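Inside the fold
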Amino acid sequence: MTGLVALLSFTAVLALVLIVADLIAKGASSLDWNFFVRNPVPAGESGGGVANAIVGTVIIVGIAALIGLPVGIGAGLYLAEYGSGRLGFLVRFVADVLNGTPSIVVGIFAWTWMVKPVGRFSALAGSAALAILMIPMIARTTEEMVRLVPHSLREAALALGYPRWRTSLRVVTRTALGGIVTGCLVGVARIAGETAPLLFTALGNLNFSTHLGQPMQTLSLQIYVYGTGPFDEWHRLAWAAALVLMGLVLVLALAARWVTRQRYGSAR
Amino acid sequence: MTTLPLEPVPAPPEQATPSAEPRWQSLRGVNESDRIYQGVLTALALALPLLIVVLLAQLFVSALPAIRRFGPSFLWTSTWDPVAEVYGAAPMIFGTLASSFIALLLAVPLALGVAIFLTEFAPRWLRQPVAFLVELLAAIPSVVYGVWGIFVLIPFLRAYVVPPLKAVLGWTPFFQGVFYGNSLLAGGIILAIMIVPYIAAVSREVLLAVPGSQREAALAMGATRWEAVRSAVLPYGRAGLIGAVILGLGRALGETMAVTMVIGNRHDIGLSALQPAYTMAAALANEFSEATTDLYLSALFEVGLILFVITVVVNAAARLLIWRVARGAAVGSQAL
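When its secondary structure is counted, chain A shows 11 helices and 0 strands. The order of helices and strands in chain A, counted from the N terminus, is α-α-α-α-α-α-α-α-α-α-α. Principal-axis analysis of the C-alpha atoms gives chain A an extent of 70 × 60 × 35 Å. The buried share of chain A, reckoned over its 268 residues, is 56%. Counting contacts in chain A only where the partners sit at least 6 residues apart, residues at least 24 apart contribute 73% of the total.

When helices and strands are counted, chain B shows 11 helices and 2 strands. Shown N-terminal to C-terminal, the secondary structure of chain B runs as helices and strands in the order α-β-β-α-α-α-α-α-α-α-α-α-α. Buried residues in chain B amount to 51% of all 336 residues. Within chain B, contacts between residues at least 6 apart in sequence are counted, and of these 80% link residues at least 24 apart.

Before going further, it helps to examine the interface of chain A and chain B. Listed as interface residues are 86 residues of chain A and, on the opposing side, 85 residues of chain B. Counting residues per element, the side of chain A that touches chain B draws most heavily on helix H1 (residues 2–27) of chain A, at 13 residues. Here the side of chain A that touches chain B is composed, by residue class, of 51 nonpolar, 21 polar and 14 charged.

Next up on the list: the packing of helix H10 (residues 280–287) of chain B against helix H11 (residues 294–325) of chain B. Residue and element names in this part refer to chain B. Following both chains from N to C, one finds H10 and H11 inclined at 145°, their axes separated by 9 Å at the closest point. Handedness of the crossing formed by H10 with H11: left-handed. Judged by residue contacts, Met280, Ala281, Ala283, Leu284 and Glu287 of H10 engage Leu300, Val303, Gly304, Ile306 and Leu307 from H11. Taken together, the residues that form the contact of H10 with H11 break down as 8 nonpolar, 1 polar and 1 charged.

As a further point, take helix H3 (residues 51–82) of chain A. Residues and elements named next belong to chain A. Taking 1.5 Å per residue, 32 residues should reach 46 Å; H3 reaches 45 Å between its end C-alpha atoms and fits that length. At Gly68, H3 shows its maximal bend, which comes to roughly 30°, and the proline Pro70 appears one to four places after that position. Of all 32 residues in H3, 23 are buried; the element is thus mostly enclosed.

Below, the discussion takes up helix H1 (residues 32–70) of chain B. Note: α-helices contain 3.6 residues per turn, so residues at a spacing of three or four share the same orientation. Residue and element names in this part refer to chain B. Under the 1.5 Å per step criterion, the end-to-end length of H1 is 56 Å for 39 residues, consistent within 8% with the ideal 57 Å. The axis of H1 is deflected most strongly, by about 50°, at Ala63, and proline Pro65 appears within four residues downstream. Those residues of H1 not exposed but buried are Tyr37, Leu41, Leu44, Ala45, Leu48, Leu51, Leu55, Leu59, Ser62, Ala63 and Ala66. Just past H1, the residue Gly71 takes up positive phi, approximately 60°.

With that out of the way, let us pick up the nonpolar core. Core analysis: the biggest nonpolar cluster contains 208 residues, and A:Ile223, A:Ala241, A:Ala242, B:Ile190, B:Val196 and B:Ile199 have the highest contact counts within it. Sort the elements by how many residues they give to this core and helix H5 (residues 184–208) of chain B lands first, with 18 residues. Setting aside residues up to four positions removed in sequence, A:Ala241 forms contacts with A:Val50, A:Ala53, A:Leu219, A:Gln222, A:Ile223 and A:Tyr226.

Let's shift gears to unusual backbone geometry. Residues and elements named next belong to chain B. Although it is not a glycine, Glu85 sits at a positive phi angle of roughly 60°. Looking at the secondary structure, you find Glu85 in the loop between strand S1 (80–81) and strand S2 (86–87). The class of Glu85 is exposed, set by 12 C-beta atoms lying within 10 Å. Despite not being glycine, Asn265 has its phi angle at roughly 55°, a positive value. Tracing the backbone through its elements, the reader meets Asn265 in the loop between helix H9 (257–262) and H10.

Mapped onto the elements, A:Ala6 comes out in helix H1. Overall, the presence of 18 C-beta atoms within 10 Å leaves A:Ala6 in the partly exposed class. Each C-alpha atom, one on A:Ala6 and one on A:Ser29, is 35 Å from the other, the two residues being 23 residues apart in sequence. Among residues more than four places away in sequence, those in contact with A:Ala6 are B:Phe117 and B:Phe121.

What follows is about the confidence of the model for chain B. Any segment with low pLDDT has predicted coordinates that should not be analysed in fine detail. Residues and elements named next belong to chain B. Here chain B averages 87 in pLDDT, while 88% of its residues score no lower than 70. Across residues 1–20 the pLDDT falls below 50, and counting only partners more than four positions away or on other chains, this stretch makes 30 contacts in the model. Throughout residues 332–336 the model reports pLDDT below 50, and contacts reaching past four residues in sequence, or to other chains, amount to 23 contacts. Predicted complex metrics record ipTM = 0.93 and pTM = 0.91.

Below, the discussion takes up the packing of helix H5 (residues 103–115) of chain A against helix H6 (residues 123–147) of chain A. Residue and element names in this part refer to chain A. Direction vectors running N to C along H5 and H6 enclose 135°, while the axes themselves pass 9 Å from each other. Taken together, H5 and H6 sit at an angle that is classed as oblique. In the crossing of H5 with H6, the sense of the turn from one axis to the other is right-handed. For the pair formed by H5 and H6, the contact residues are Ser103, Val106, Gly107, Ala110, Trp111, Met114 and Val115 on the first element and Leu124, Ala125, Ala128, Ala129, Ile132 and Leu133 on the second. In terms of residue class, the contact of H5 with H6 is made up of 11 nonpolar, 2 polar and no charged.

Conventions we followed
Residues numbered from 1 in each chain as written. Chains lettered and ligands numbered in written order. Predicted model: local features only at pLDDT ≥ 70, side-chain atom pairs only at ≥ 80, totals over all residues. Helix = DSSP H or I, 4+ residues; strand = E, 2+ residues; numbered from the N terminus. Buried ≥ 20, exposed ≤ 12 C-beta atoms within 10 Å, placed from the backbone. Contact = placed C-beta atoms within 7 Å. Nonpolar A, V, L, I, M, F, W, Y, C, P; charged D, E, K, R; others polar. Axes fitted to C-alpha atoms, helices over the stretch in contact; angles between N-to-C directions. Left-handed = near helix turned anticlockwise from the far one by under 90°. Expected span 1.5 Å × (residues − 1). Bend = angle between axes of the 7 residues up to and from the residue. Core = buried A, V, L, I, M, F, W, Y, C linked by C-beta atoms within 7 Å. pLDDT = per-residue confidence, 0-100. Parallel < 35°, antiparallel > 145°, perpendicular 65-115°, else oblique.

Now the structure itself:
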């Protein structure tokens, strides 16, 4: 039986290895300078890159993080500091339930509130949808990390006459900072790969655009359009873009891992 | 000795929850700025319950025209005709359930195997790296799975999996018809790979929460390590393991991009896994921006509402089960 469960574990790891290997095999050869600095060319022509999508991803995800991180961290601090009562239970439960909400549902919600009223797709609506997805995730990881701070530290600060709020912010939160940053990195990595909530909000854009009130391209949207399109050239670019996106997400995940290691050793 | 007369010891009642009032709460008085601080944090935390209520209410309001027009028969009607303005979501609901079922069928043994291996049998140095690699599967964006599914998985299925499947099981209704590539089977397999990390991560945490005394007791009675796992560890963590599986189900039900790219998007109910199908999430992804009439849009919102309600119920059930084992812990949140 040991052999069986070892084999099953091996299979799961093999799936990861195969996917990463395929991405590298089919995507790496297309990664050249042009890929990163040029915009897409009309369908059928060869060449072109995804500069607009890379810039768009950074902008949309960046704004989503600006909205989502403060709210998520605040909610997480609430859960860790005051979350022992009924409201804490409710918030914790709702956060976990929201974490499993299909992102496409959040997409149509953001469409209703931010695209329909103004009659135009916008990067900002995409950011809002991603921020909504981020909040419950960040809240829960922040809570977990703050809880790891030993009570003795808090007691020491209070005994020295620190007010509670300063204890919470200056001592507890600062001690847990590495962990909170980790959670944020993981959250950002996850929403950077989201596509479904952007389909009806940021929409995608074949041209270079940094206008927040206009449709904007992201890597994930570009991969979707190119991957499902009819041209070989598009498929080649889809693989390359997928490799870039995957690399981005992996780097963030590994960075998060590294930060945790530094702080807590191999506690988990 | 195959079965042990061991009843799993019920979880200790009311363990000190991680949020039990610690000593520092009484250490110092509360002043005005403390109240402001608490108020701000509370307001931010309230955003979450507010969000779920607003989401639900908005979806319901947007879906109202379709709900009024079609009533409950929306759930079991198979017609989806934007020209005649007749909508029924049965094929999508069926496809969503069927693809998730296939995914669970494949993912559960795999994920439980990973969890059991990592908590009970693997050498210590191997545990962290393997757990990390499996969790990385959850980090791969859905759309990347989709591309991989289209260009790698489907050709592989066509060449090596479907012919033997048809040869052996072709007589059953589940493997009939021509395999064109995009199919329920491809969607289910992609979903399985995607939910393995979630089920594995949560199961692993659940198994880690099983007290060592349970194993030791079984081993002391003469059980082998495998028997100890089967007769003591798994029964003890049963509620949490079921929760882990249901959590995986919740992920599978709502997964959008990868499924949309490989399932074929056909409004039809068919038993054959080799045929194209449709899911609720895929219908939203494909048709939402094409919905030209208000009723069409409303019907899609109703699909979204159904999907949302199902996933909320499924996730709530999963969380309650997991919390029974690992109280209040954000189990699996490490799995990205």
